[in-house]
Structures are given as C-alpha cells and as structure tokens.
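Per-entry structural report
Given next are the chains, with one letter for each unit.
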Protein chains: 2
Amino acid sequence: MRSCPVVDRLACEAMDQEDPLRAFRAEFVLPDKEIYLVGNSLGAPPRTAAERVRQAVEDEWGRHLVGGWNEAGWYAQPLTTGDRLAPLIGAGPGEVVAGNTTSIAVYQAVSAALRLRPGRRVVVVDRRNFPTDNYVIEGLAELRDVSEGRFEDAAAVLLSEVDYRTGARYDVPGMTARVQAAGALMIWDVCHSVGALRVDVSAADLAVGCTYKYLNGGPGAPAFLWVSPRHQTAAENVLSGWYSHAEPFAFEPGYRAADGIRRFTVSTPHVLSFAALEAALDMWDRVDLEQVRAKSMALTSLFIDLVGDRLELASPREAERRGSQVSFYHPDGYPVMRALIDRGVHGDFRAPDILRFGFAPLYTRFTDVWDATQIIAEVLEKELWRDEKYAVRLAVT
Amino acid sequence: MRSCPVVDRLACEAMDQEDPLRAFRAEFVLPDKEIYLVGNSLGAPPRTAAERVRQAVEDEWGRHLVGGWNEAGWYAQPLTTGDRLAPLIGAGPGEVVAGNTTSIAVYQAVSAALRLRPGRRVVVVDRRNFPTDNYVIEGLAELRDVSEGRFEDAAAVLLSEVDYRTGARYDVPGMTARVQAAGALMIWDVCHSVGALRVDVSAADLAVGCTYKYLNGGPGAPAFLWVSPRHQTAAENVLSGWYSHAEPFAFEPGYRAADGIRRFTVSTPHVLSFAALEAALDMWDRVDLEQVRAKSMALTSLFIDLVGDRLELASPREAERRGSQVSFYHPDGYPVMRALIDRGVHGDFRAPDILRFGFAPLYTRFTDVWDATQIIAEVLEKELWRDEKYAVRLAVT
C-alpha cells in the first residue's frame, strides 16, 4: 500500500522558510544542482575552511615556522579542540582529546577498559556495526555479539549510538545503565550521531568519534576520545607517546603519564587537518542542537513518507529511534544508487543491499527532500537503474 | 685552542654561487632577515604548499565532496604517498605506508616484531634517543639499552639513524648486520635522517619516520612505516583498522588482513595534511640526494669550524658520522639560545644543556652559516645571554 504524502513542493518551500537553521546553508560550499545526501559520510566544506587552512599554512607555518607550536597554538590543539568538541557530546572541559583516527581511539579506549577490568577478556560489540571497531579490537579481546545480551563477564561494551547501515539509534542512557550494572564499562562510538542529535555520553565510561561526518571537519579530520573524569586517574593510555608524558619537554628516559585528559594524547597533531576542523567548530559554536534534532527528525520523516512503499525501509519508522539517515533495502541497490547519482541525487550504497541517504540539518533543505524523492520515484517506477551502464562496479563507492 | 677558519663571507658567497642546490631556496617561504636553523625540527613551507592545500579544500573537497575518496585519490593516499617516500629511504614501491604519527608507526613496528620473534620479550633501544619511541614501547616489551651491546635474546633493536640530541649517525649497514646476526629484527627510526642524507634501510626489517623535518611536509605531516617485503606476509598489524582489511568495502564482520603493504594501513588518511606533504614531495622528485649529503657535510663542517672552541661540540667532528645538525653543550644553553633567537639566529634548546642547529641543504646557505656564527661569537664573547630577560622559561621551546 502506497503511503499518501500530505505535502507538495510549495509546502516544502514553506518549511524551508520557517526553518530556524536556514541561514547556515549559505555558509557551506555545495553544488548548485545536485542534492547531497551523503553528509553522514563526509560533511560539506564550511566556506571559512579554505581561509582557515590558508592561514595555517601561510600565516602560521610560513610566518612562525617552528615557533607555531607555541605562537599559533599547535601544541595545545589536541586539548583545545577537545574542549570545543566536548559540548557536542555532553562532556565538559578536560574530558576530550582530539587527534588521530577513530580506529586508533577505539584501540586506546578498549585497551584502557581491559586494564580497568582485569580478569575480564570479553568485549561485547554489535557484529553488524561498522566493522572497523570490531577489526581493531579482535586482537585485544574475545568478542561477543550484543544480541546475546550477556554483559556480566564483559570488560566493556562498545556500541555505535547510531548504526551506520540502518540509522537505528540506541537508547544511550538505558544501555549505559544496563552495562554498568553488570560491572562492564560502556564505550560509545558517536561517529554517526555527533552533530546530528544531542549526544550525551556523560553517564558512560569512554567514547570515541570522528569529525568529518555531520561536524563537517574535512576529509580525514581528527577523531576524538572522551574519558570520563571518573577514570582519568586509573585508566592507562596504551599508545603512550611523548605528548602524554607528565613532562613532555623534560625528555626523561622513562615514561610517566600526565594527569588528566592529556594522558590520552599520543603525539604531534596533524595541524593542517585540525585547521579545517576549527573552521567547522566556529560554526558549531552558534548551533542549537535542539533545532538540529528537530529538523533532522522532520527531514527524515518527510523523506520516508515521500518514498512511501517504493522501497523497503531499513531504518526505524519512529523518528526518535533514528539518527539522521534513512536506509532502504534493495536487492539491486548498487545500480539503483548509481542511477540516482547520475540524476543528481547523491546517497551511497553499502553492501550487500543498503541504500543510504544522510540528512545534514545545517544544509539539507525540505525542498531537497522533495526533489530527491521525485527522482527516486522516477528511477524506480521507470526502472531506469536497469540500464547496463549502472551494473559495472566502481573501485570504491 | 681556537680553530682557524680559512673562509670569510666572500668565500661563503662564492660557495653559494657554486651550490648545485641553490635554486631550491627560492621555492620556500622563509623570513628575510632571520636565519632559520631549525629545519631539523620543522621544515620550511614549500611555496606550492598553500596552493596544493587550497586545491584539496576547494577543488577536491568542495567540488567532489564524498566523491573525492575516488576522484581526488584520497583513498589511495597512504599507499601513493608511501610509494613516493620509498626512494628517499632506499625502499621500493609497495613497501611504505604513510599516515598517522611516528609514535603510532613505532607501536605498529615493535608489535609486529614481537610477533615475528615469539618468545623474545626484549627490545633494545637507545635510552638517550628521542624518548617517544621508548615511551611507546615500554608497555610492549622489556627495554634494554643498546650500550649493553647484547642482542642475542632481543626480538628487535630500535634505533634512530641520527641522534636527535647530538646528530651522531649510526653505521646503518654495520648495525643492521650485527643485529640480524643475533636473530633480532632491526627497526630504524629515520625521522632525523630522511631528507638530510641518502637513507637506505633496505637491508633492515622495519623502519619508521616523519615527514615534517627535512622533508618539509608541514606541521604534523603524516608519518610513515616501511616493512621489508620479506616480512609483509608474516608480519601482523596490531592496529588492524578497516583500511588494512583484505576487502575493506565488503564490510565483513571478521578481520582478514590484506596482502602486501596495505596490511599496515590503519584507517582514514588526514587528507589535508597529506596535501601539503604532496607539495613537498613534488620538490623531492627533483632532488639529488648525493648533492644534499655533500652540501650538508660542507655546511655542518663549516659551522663547526667557524664556531671553533667557543662552544663544546656535542656532535661528532667527523662529517661522515653526523646527520645534518650540529649540537653544542652549554650549561646555560637555554638563555644562550634565547639570546641568539633574539638576534635572528634560530636554533633550539634541548634539556638539560644542548644547543641544536639544523642545516636543511635545500634552503640553508653558506652565507647563513657565516652570519649565524658571527652572531654566536658576539653573544658568547660579550656574554649577552646573561641579560636577565633570557632567564625566564617559555612554555614550550
């Protein structure tokens, strides 16, 4: 049974007019005629990013040379940027370090958890989750799937707040309480939720995330690691590079861990990648996360309504239970997505059969939802994806 | 006894005229009146770096958005950049991955070595070496100092080709042979040698290095890891992120290591930091490393001669045994260096008593050596460093 949309393009235009976040779109570099629904994978560039990175190269590196470590604040970037990220995940200052990659932060978090729970060798994960988290910890612990529901002997439970495939969202407070009641540590991966909704990891033990999706920090932007203040003294950083030493410039022969969150830094920050992230965070300083979440739920609900039963929904139908993406199953998902991209609707495909569409509330419009769903309807109804030119696999999708 | 220099400034000008590398200096952003002798810590920006990074932000990220992973070659950066770095360390294509930081590469290299030598838990290091290498592996292995000369039960020996403090250079072929004869793996850290001399790690087992010193890749530029083709099948990557999976886009639940050097990647590259490094590598494609080494030896020898016995030499006097830096001991090294910097001679200070001066053959001139040594002589002879304004410690030096 086809659902019956109650809106038309004019209604979408009205929603855009009333959108309290509408002014942000002009702050991004976006294509004129294409509809970019992949902000859940790589966010669009803030217009200020190019200038901020130019400054870092020409005014900081070019002018200060090695003096930039002090004078341009490079040395402190893992901590200063961490403090700027903290409010986006419900954390406070001195609780977050930025840098490296999510995989590396996962390795640090799980290694720390295993040392905080000596004798426990099991880490509970979601086998359906984006597998990098699981790959990274396979060598560290015995993995058990969350579907077994057994936490009582686990050192830690590592889950993604939002599933990268379906967009399904965990009940963070509920799961955190359940895990901690079993004596295990709760580690949240917020890659797919930070910047899309009001993340709050504060009751958990550790968290990791990236900044290149909804936060728009740029390709390969620094990741981050949150360590609850409860654990900062007892937890150990397995990647104990010189940045994490109590006195990094004493060049002591032996390692002594710093107090506080600096203990979880590793080494030299990727300064130019931090610069682009800083431009993005300048924007986030002005964003109301309640408005982000409200718009995200409205955009994704409208999209689901307008696609109707043309595709099988893989995401939860209830908006509260979703992140800011909508996924559908299609046995020929790959050619379908290529046919859509060919017509300017950019989502992505995840093997074996998932079509994903991400909605970045800072720049996605209700009219984008309208226009995208019109094209989706045409591609599916006319079976345009059956054109053989869409069958050939590209190297990376 | 004061040494007796045989040159004057005119002679230095003539050496600059005859320098086959002299044209490279104009390709760098450098201060007009200051003498930058810290290229061993952070190289100067190639003039093309700003434009290359602008391209990455505006033309690649801005135009391709998520498509940049394919269309702008981001996905392949760890391998394509690795292949470009390979000739600088005597390695071949398919032997080097770029990314992350030196500390992380050290962790990967030592972890791999320990698994290749099961039953051996000792890693031999130089306790005087830049301590990040030692800090990172303290948790992995039992450390023993190289001065004990015992390798027979070691899993690996990790040494810096050039000592960060004194600039002393190891005999790489000799030490490699000695370590391997004892059944241990030889891991070279080439941070302080790559780009300063013709590094050749090819007989060793693993190597790590950074690209922000003599290679001029930018602050926090990607590090690299070399794995001998002999070990690429048996060696394991402890940081087994999704990039290193046999089929990263199959999103399989279990980890299967890729064949070849891709096995040693971790995850998403820091694309904007790679961009600046790419600009630097465009220059290295045109550089003759024999000319670099010849000029480096000439610059450092001239500097030592002109400083004479005003300072106690910490570096080897024989040019072949040095990298491209010259260090001196001074009990009041900190105020001495501050007085020099105040007069435009930029070296750095390493606790407790080392004055370091780095010579980057692509942009340091023989006249810079002359001018710097004139100022050093004045500061020392007039004891200008005793001014109390130089006594106060800055946060990071």
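Calculation criteria
- Residues numbered from 1 in each chain as written.
- Chains lettered and ligands numbered in written order.
- Predicted model: local features only at pLDDT ≥ 70, side-chain atom pairs only at ≥ 80, totals over all residues.
- Heavy atoms only, no water.
- UniProt positions renumbered as here; feature names shortened; annotations may be inferred.
- Helix = DSSP H or I, 4+ residues; strand = E, 2+ residues; numbered from the N terminus.
- Rg over C-alpha atoms; globule rule 2.2 N^0.38 Å.
- Buried < 20%, exposed > 50% of the residue type's maximum accessible area, 1.4 Å probe, protein only.
- Contact = heavy atoms within 4.5 Å.
- Areas by Shrake-Rupley, 256 points an atom, 1.4 Å probe, with all protein chains shown as cover.
- Lys, Arg positive; Asp, Glu negative; His and termini not counted.
- Charge placed at Lys NZ, Arg CZ, Asp CG, Glu CD.
- Least-squares fit on C-alpha atoms with pLDDT ≥ 70 in both.
- Domains from an automatic or database assignment.
- Buried area = accessible area lost by both parts, 1.4 Å probe.
- Salt bridge = Lys/Arg side-chain N within 4 Å of Asp/Glu carboxyl O.
- Polar contact = N/O pair within 3.5 Å; in protein donor to acceptor, adjacent residues only side chain to side chain.
- Nonpolar A, V, L, I, M, F, W, Y, C, P; charged D, E, K, R; others polar.
- Pairing = 2+ DSSP bridges.
- Axes fitted to C-alpha atoms, helices over the stretch in contact; angles between N-to-C directions.
- Phe/Tyr/Trp six-rings, centres within 6.5 Å; stacked < 30°, edge-to-face > 60°.
- Core = buried A, V, L, I, M, F, W, Y, C linked by side-chain atoms within 4.5 Å.
- Parallel < 35°, antiparallel > 145°, perpendicular 65-115°, else oblique.
- Left-handed = near helix turned anticlockwise from the far one by under 90°.

Under an unreviewed UniProt entry, the name given to chain A is Kynureninase, and the organism recorded is Nonomuraea typhae. Looking at chain A in UniProt, the text filed under Sequence similarities (unreviewed entry) is "Belongs to the kynureninase family." Per UniProt, chain A has the following entry under Cofactor (unreviewed entry): "pyridoxal 5'-phosphate".

Another point: the overall build of chain A. Counting its secondary structure elements, chain A contains 11 helices and 13 strands. The globule rule puts the C-alpha radius of gyration for 397 residues at 21 Å, and the 22 Å found for chain A is close to it. Dimensions of chain A, computed from the C-alpha atoms along their principal axes, are close to 70 × 55 × 40 Å. Burial analysis of chain A (397 residues in total) assigns 64% to the buried set. At a minimum sequence separation of 6, the contacts of chain A that also span at least 24 residues come to 69%. For chain A, the accessible area works out to roughly 14,100 Å², and carbon and sulfur atoms hold 50% of it. Side chains of chain A give 43 positive and 54 negative charges; the mean places of these two sets differ by 2 Å.

We now examine the relation of the copies chain B and chain A. Here the two chain copies are tied together by a rotation about an axis and a shift along that axis. When chain B is fitted to chain A, the best match, at an RMSD of 0.0 Å, comes from turning it 180° and sliding it 0.0 Å along the axis. One copy is carried onto the other by what is essentially a two-fold rotation axis. In this assembly, 100% of the residues forming the interface of chain B have copies in chain A that are likewise at the interface, indicating an isologous arrangement.

Moving on to the domain arrangement of chain A. Residue and element names in this part refer to chain A. Each domain of chain A was delimited in the assignment, giving domain 1 (9–30 + 288–390) and domain 2 (50–284). The C-alpha-based centres of domain 1 and domain 2 are spaced at 29 Å. Contacts between the two partners involve 26 residues from domain 1, matched on the other side by 19 residues from domain 2. Summed over both sides, the interface of domain 1 with domain 2 buries roughly 1,800 Å², with 58% coming from carbon and sulfur. When the buried surface of domain 1 facing domain 2 is broken down by residue, Leu 289, Arg 293 and Gln 325 rank first, second and third, together holding 27% of it. At the surface where domain 1 touches domain 2, the tally comes to two salt bridges. With a closest N to O distance of 3.8 Å, Arg 169 and Glu 320 form a salt bridge. The interface formed by domain 1 and domain 2 holds nine residue pairs in polar contact (both at pLDDT 80 or more) in total. The set of elements that each furnish at least two residues to the side of domain 1 that touches domain 2 consists of helix H9 (289–307), strand E10 (325–329) and strand E13 (354–358). The dominant element in the side of domain 1 that touches domain 2, judged by the number of residues it contributes, is H9, at five residues. Here the residues of the side of domain 1 that touches domain 2 sort into 12 nonpolar, six polar and eight charged.

What follows covers the interface of chain B and chain A. Of the residues lining the interface, 69 residues belong to chain B; the matching set on chain A comes to 69 residues. Regarding the contact of chain B and chain A, the summed buried area is about 6,100 Å², with carbon and sulfur atoms giving 70% of it. A per-residue breakdown of the area chain B buries against chain A is headed by Trp61(B), Tyr135(B) and Phe251(B), which together make up 14% of the total. One can count zero salt bridges joining chain B with chain A. Across the chain B-chain A interface, the total number found is 27 residue pairs in polar contact (both at pLDDT 80 or more). When residues of the side of chain B that touches chain A are traced back to their parent elements, those giving at least two are helix H2 (48–64), helix H3 (68–71), helix H5 (102–116), helix H6 (132–138) and helix H8 (271–284) of chain B. A per-element tally of the side of chain B that touches chain A places H2(B) first, with seven residues. Considering only residue class, the side of chain B that touches chain A consists of 43 nonpolar, 21 polar and five charged.

Turning to the sheet that holds strand E12 (residues 348–350) of chain B, a few remarks are in order. Residues and elements named next belong to chain B. Strand order in the open sheet made by the four strands is E9-E10-E13-E12, with antiparallel pairing throughout. Every other strand in the sheet has two partners, leaving strand E9 (312–313) and E12 as the edge strands with one partner each. Strand direction decides the pairing type here: strand E10 (residues 325–329) and strand E13 (residues 354–358), joined by five bridges, are antiparallel. Along E13, the bridge assignment pairs Val 326 with Phe 357. Set on the sheet, helix H9 (residues 289–307) makes contact with E9, E10 and E13; between it and E10 the angle comes to about 25°.

Next up on the list: the packing of aromatic side chains. Here the structure, examined in full by the defined rule, presents 31 aromatic pairs over all chains. Ring-pair connections join several aromatic residues into one group, and the members of that group are Tyr75(A), Trp242(A), Tyr243(A), Phe249(A), Phe251(A) and Tyr164(B).

Residues and elements named next belong to chain A. Tracing the backbone shows Ala 56 in helix H2 (residues 47–64). Remark: the alpha-carbon pair of Ala 56 and Arg 317, spanning 261 residues in sequence, is separated by 44 Å. If we skip the residues at most four places from it in the chain, Ala 56 touches Trp 61, Trp 74, Leu 272 and Ala 275.

The subject of this paragraph is the sheet that holds strand E6 (residues 185–189) of chain A. Residues and elements named next belong to chain A. Within the open sheet, the seven strands sit side by side as E2-E8-E7-E6-E5-E3-E4. Their pairing is mixed. Either end of the sheet is taken by a strand with one partner, and the two such strands are strand E2 (96–98) and strand E4 (142–145). On average, adjacent strands in this sheet sit at an angle of 20° to one another, irrespective of strand direction. The sheet contact formed by E6 and strand E7 (residues 206–209) spans three bridges and is parallel. By the bridge assignment for E7, Trp 188 is matched with Ala 207.

Now for the nonpolar core. Within the largest apolar cluster, 157 residues are counted, with the highest numbers of intra-cluster contacts made by Ile89(A), Trp188(A), Ile89(B) and Trp188(B). Once you skip the residues sitting within four places of it in the chain, Trp188(A) turns out to touch Leu159(A), Ser160(A), Glu161(A), Tyr170(A), Val172(A), Met175(A), Thr176(A), Val201(A), Ala204(A), Leu206(A), Ala207(A) and Val208(A). Within the second largest apolar cluster, 66 residues are counted, among which are Ala112(A), Ala155(A), Leu206(A) and Val238(A).

Right, let's get into the packing of H2(A) against H2(B). In contact at an axis separation of 10 Å, H2(A) and H2(B) are set at 170° when each is read in the N-to-C sense. In terms of orientation, H2(A) lies roughly antiparallel with respect to H2(B). Within the contact between the two elements, H2(A) uses Ala49(A), Ala50(A), Val53(A), Val57(A), Glu58(A) and Trp61(A) and H2(B) uses Ala49(B), Ala50(B), Val53(B), Val57(B), Glu58(B) and Trp61(B). For the contact of H2(A) with H2(B), the class distribution of residues is 10 nonpolar, no polar and two charged.

Here the focus is the pairing of E6(A). Residue and element names in this part refer to chain A. The buried fraction of E6 amounts to five of the five residues, a majority that puts the element mostly inside the structure. Every second residue of E6 is oriented toward a common face, with Leu 185, Ile 187 and Asp 189 on one face and Met 186 and Trp 188 on the other, all of them buried. Looking at chain direction, strand E5 (residues 154–160) and E6 are connected through five bridges and run parallel. What sits directly across from Val 157, in E6, is Met 186.

Residues and elements named next belong to chain B. Orientation of helix H4 (residues 77–85) relative to H8, taken along the N-to-C sense of each, is 25°, at an axis distance of 11 Å. Viewed along their axes, H4 and H8 adopt a mutual orientation that is roughly parallel. Considering how the two elements wind past one another, H4 and H8 form a crossing that is left-handed. On H8, the residues touching Gln 77, Pro 78, Thr 81, Arg 84 and Leu 85 of H4 are Val 271, Phe 274, Leu 277, Glu 278, Leu 281 and Asp 282. Here the residues of the contact of H4 with H8 sort into six nonpolar, two polar and three charged.

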